[in-house]
Amino acid sequence: MRRIFIVLSIVAFGLWACSKKNDATPSDSIKILSLTSSANPVMAYDTSVITVEAMGANLQYGWVANHGRIKGSGKSVKYSACISCMGLNTITCKVFNDTGEVSDTIMIRVTPWHTKK
Amino acid sequence: MRWIKEFSFLFLLLFCSSGSWAQCCTSGNPFISDAEQPALQSKILTASLAYRYSHSGVYFSEDGHFNELPFQEVAYSNYAELQLGYGVTNWLTVLSELGYFFNKTFETPGIDSYKGYGLGDAALYLKFNAYTNSRLRLSISPTIGMKFPVGVFDQEVDNVQLPISVQPSSGGYKYMANVFVSKGFGKIALAGFASYEYSQLIQSENFYYKYGDQWIGAIYFNYHIWKGLSLDLQFRNEYRAKSTRENNEIVEASGYDVVFLTPQLTYGFKHNWYLSAYTDIPLYKYYTGVQMSFGYAVSARLTKKIDFLALKARNQAKKINNKTM
């Protein structure tokens, strides 16, 4: 009985932990025109401004960086990364409204930090 | 005999979790660093609530300060953890924990801070009473366990994803094994603790990252100062291998080796309540690449212990007394 209780507890924890989903629906009424960065590659701790241009009504913007940090919100944000985020990183822009969502990505290479002279 | 009991109570109220915080900014629960405990006896329940404040603000490269960055950043967190332990039998103890971050903040002057908050990880551990000899005052307690990323991950503010370093949950499973050995010598007790943790790949919708393996070794010195008051001194070495990211690329600025001193005071109150306070002080730090290093942490833990066998015996004695009266 005790063993059953332990096994059930482990299974319950596992099931609880495995509940992640993306319920965004694609939209035909939104179109991303461009996704650009002001600097690429960018040195660690420096900043690159990333801007999205999109068509659609009442648009909202979401941003995700797989490594590094995004500052600000809206259609233009600042991206920076520390030394532990060096490499080719992906920044995803999601544009959405009531009709759904579309997304695009831009790759930015983060290079080693050095003193500016 | 009473001294032995008090000494074992000291350890009974001290749970240990496995996590990582020496690399100041990692996702998931921090390491709650109070002294480890042996397995509980049968039908004993312990419930404890721990609070921890952690602060970091100095960059390190290898074993020295790195002062060349043209800005200063700080990271700090306020964290609470609920832990339950139950002695299922005399040889098996089940332990569980659940963490919550009130905040996990990363600040750069002049820029809005990043602040994550919410439920962290849950954990389940099985601790075994492999060997106990009360005459020699020796006990050996191995543990296996697992952490579950039940909490908040992929957290966003204003539709912008927070960096992985301030996400409350680990985002991936962690597997842990450790062994705890304690031995009494006169008025002093010595204990040793060795732990290994394997972190599974974080493969969320937005992150692909794997923390390196973690090894922890600790030595504890325990001294019973006065009545219910005890002092623990802990020397602990935390080592973490480098992380990996997409395409098995090694993250050079990610491994570390830190030696801590953790002094701890514990007081036992009436009715099996215990309060302990402790702090983590890094004595030596080595970081690969350039990383923000661990600063300090202060923690407190309140624990209640319930012995169900003793309660039952007390209730039976009351019934007998009532009948005889």
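Since the model is a prediction, treat every value here as computed from it, not as a measurement. (Residues numbered from 1 in each chain as written. Chains lettered and ligands numbered in written order. Predicted model: local features only at pLDDT ≥ 70, side-chain atom pairs only at ≥ 80, totals over all residues.)

### A word on the overall build of chain A
And step 1. What chain A contains, in helices and strands, is one helix and eight strands.
And step 2. Along the chain direction, N to C, the helices and strands of chain A fall in the order α-β-β-β-β-β-β-β-β.
And step 3. Excluding contacts between residues fewer than 6 apart, the proportion of contacts in chain A whose partners are at least 24 apart in sequence is 61%. (Helix = DSSP H or I, 4+ residues; strand = E, 2+ residues; numbered from the N terminus. Contact = placed C-beta atoms within 7 Å.)

### Examining the overall build of chain B
And step 1. From N to C terminus, chain B includes two helices and 21 strands.
And step 2. The globule rule puts the C-alpha radius of gyration for 325 residues at 20 Å, and the 21 Å found for chain B is close to it.
And step 3. For the C-alpha atoms alone, the extent of chain B along its principal axes is close to 80 × 40 × 35 Å.
And step 4. The buried share of chain B, taken over its 325 residues, is 46%.
And step 5. Of all intrachain contacts in chain B linking residues separated by at least 6 positions in sequence, the fraction that spans at least 24 positions is 63%. (Rg over C-alpha atoms; globule rule 2.2 N^0.38 Å. Buried ≥ 20, exposed ≤ 12 C-beta atoms within 10 Å, placed from the backbone.)

### With respect to the interface of chain B and chain A
Bring the parts together and some accessible area is lost; that lost area is often taken as the interface size.
And step 1. Counting from both sides, the interface comprises 30 residues of chain B and, opposite them, 28 residues of chain A.
And step 2. Taken together, the elements giving at least two residues each to the side of chain B that touches chain A come down to strand 6 (111-128), strand 10 (160-161), strand 18 (249-251) and strand 20 (273-293) of chain B.
And step 3. A per-element tally of the side of chain B that touches chain A places strand 6 of chain B first, with five residues.
And step 4. Residues belonging to the side of chain B that touches chain A are distributed by class as follows: 17 nonpolar, seven polar and six charged. (Nonpolar A, V, L, I, M, F, W, Y, C, P; charged D, E, K, R; others polar.)

### What about the sheet that holds strand 6 (residues 76-80) of chain A?
All names here are of chain A.
And step 1. Across the sheet, which stays open at both edges, the four strands sit in the order 1-3-6-5 with antiparallel pairing between neighbours. Each having just a single partner strand, strand 1 (31-37) and strand 5 (69-71) make up the two edges of the open sheet. Strand after strand, the sheet turns through a mean of 25 degrees between neighbouring axes, direction not considered.
And step 2. Bridge count for strand 5 against strand 6 is three bridges, and the pairing is antiparallel. Across the sheet, residue Lys-71 finds its bridge partner in strand 6, namely Lys-78. (Pairing = 2+ DSSP bridges. Axes fitted to C-alpha atoms, helices over the stretch in contact; angles between N-to-C directions.)

### Examining unusual backbone geometry
And step 1. Note the cis peptide between Asn40(A) and Pro41(A), where omega equals 5 degrees.
And step 2. By the secondary structure assignment, Pro41(A) is in the loop between strand 1 and strand 2 (42-43).
And step 3. Even without a glycine there, the phi angle at Lys227(B) is positive, about 45 degrees.
And step 4. Within the secondary structure, Lys227(B) is located in the loop between strand 15 (214-226) and strand 16 (229-240).

### What about the pairing of strand 1 (residues 44-56) of chain B?
For a regular strand, side chains alternate in direction, first toward one face of the sheet and then toward the other.
Residues and elements named next belong to chain B.
And step 1. Across the two faces of strand 1 the burial differs, with Ile-44, Thr-46, Ser-48, Ala-50, Arg-52, Ser-54 and Ser-56 buried and Leu-45, Ala-47, Leu-49, Tyr-51, Tyr-53 and His-55 not buried at all.
And step 2. Bridging between strand 1 and strand 21 (residues 296-307) involves twelve bridges; their strand directions are antiparallel. For Tyr-51, the partnering residue across the bridge sits in strand 21 and is Ala-300.
And step 3. Bridge analysis of strand 1 against strand 4 (residues 74-87) gives twelve bridges, and the strand direction is antiparallel. Residue His-55 lies in a different strand from strand 4, and its bridge partner there is Tyr-76.

### Brief notes about the confidence of the model for chain B
Residues and elements named next belong to chain B.
And step 1. Of the residues in chain B, 91% reach a pLDDT of 70 or more, and the chain-wide mean stands at 87.
And step 2. Within the model, the stretch residues 1-21 combines pLDDT values under 50 with 64 contacts to residues more than four positions away or in other chains.
And step 3. Interface scoring of the predicted complex returns ipTM 0.78; its pTM is 0.85. (pLDDT = per-residue confidence, 0-100.)

### Details of the nonpolar core
And step 1. Membership of the largest hydrophobic core comes to 40 residues, with the highest contact counts inside it found for Ala44(A), Trp63(A), Tyr79(A), Ile83(A), Ile91(A), Val95(A) and Val110(A).
And step 2. Counting only elements with at least two residues in this core, the list comes to strand 3 (47-55), strand 4 (60-65), strand 6, strand 7 (87-97) and strand 8 (100-111) of chain A together with strand 2 (58-62), strand 19 (256-268) and strand 20 of chain B.
And step 3. Sequence-distant contacts of Tyr79(A), that is, excluding residues within four places in its chain, are made with Thr47(A), Ser48(A), Ile50(A), Ala65(A), Gly68(A), Ile70(A), Ile91(A) and Ile108(A). (Core = buried A, V, L, I, M, F, W, Y, C linked by C-beta atoms within 7 Å.)

### Topic: the environment of Tyr100(B)
Residues and elements named next belong to chain B.
And step 1. The residue Tyr-100 is located in strand 5 (residues 92-108) in this model.
And step 2. Sequence spacing of Tyr-100 and Gly-120 is 20 residues, and the spatial spacing of their C-alpha atoms is 5.1 Å.
And step 3. Apart from the residues lying within four places of it in its own chain, the contact partners of Tyr-100 are Ala-80, Leu-119 and Gly-120.

### Quick look at the pairing of strand 6 of chain B
All names here are of chain B.
And step 1. Relative to strand 6, strand 5 is paired through 13 bridges, and the arrangement is antiparallel. By the bridge assignment for strand 6, Phe-101 is matched with Gly-118.
And step 2. Joining the antiparallel neighbours strand 5 and strand 6 is a turn of two residues, in which Gly-110 adopts a positive phi near 85 degrees.
And step 3. Here strand 6 pairs with strand 8 (residues 138-148) via six bridges, running antiparallel.

### Brief notes about helix 2 (residues 308-324) of chain B
And step 1. Taking 1.5 Å of rise per residue, the 17 residues of helix 2 of chain B would be expected to cover 24 Å, and the 24 Å separating its terminal C-alpha atoms lies within 8% of that figure.
And step 2. Where burial is concerned, little of helix 2 of chain B is hidden: zero out of the 17 residues are buried. (Expected span 1.5 Å × (residues − 1).)

### Some words on the environment of Ile219(B)
Residues and elements named next belong to chain B.
And step 1. Structurally, the position occupied by Ile-219 is in strand 15.
And step 2. Each C-alpha atom of the pair Ile-219 and Phe-180 lies 9.9 Å from the other, and the pair is 39 residues apart in sequence.
And step 3. Contact partners of Ile-219, with chain neighbours within four places excluded, come to Gly-192 and Phe-235.

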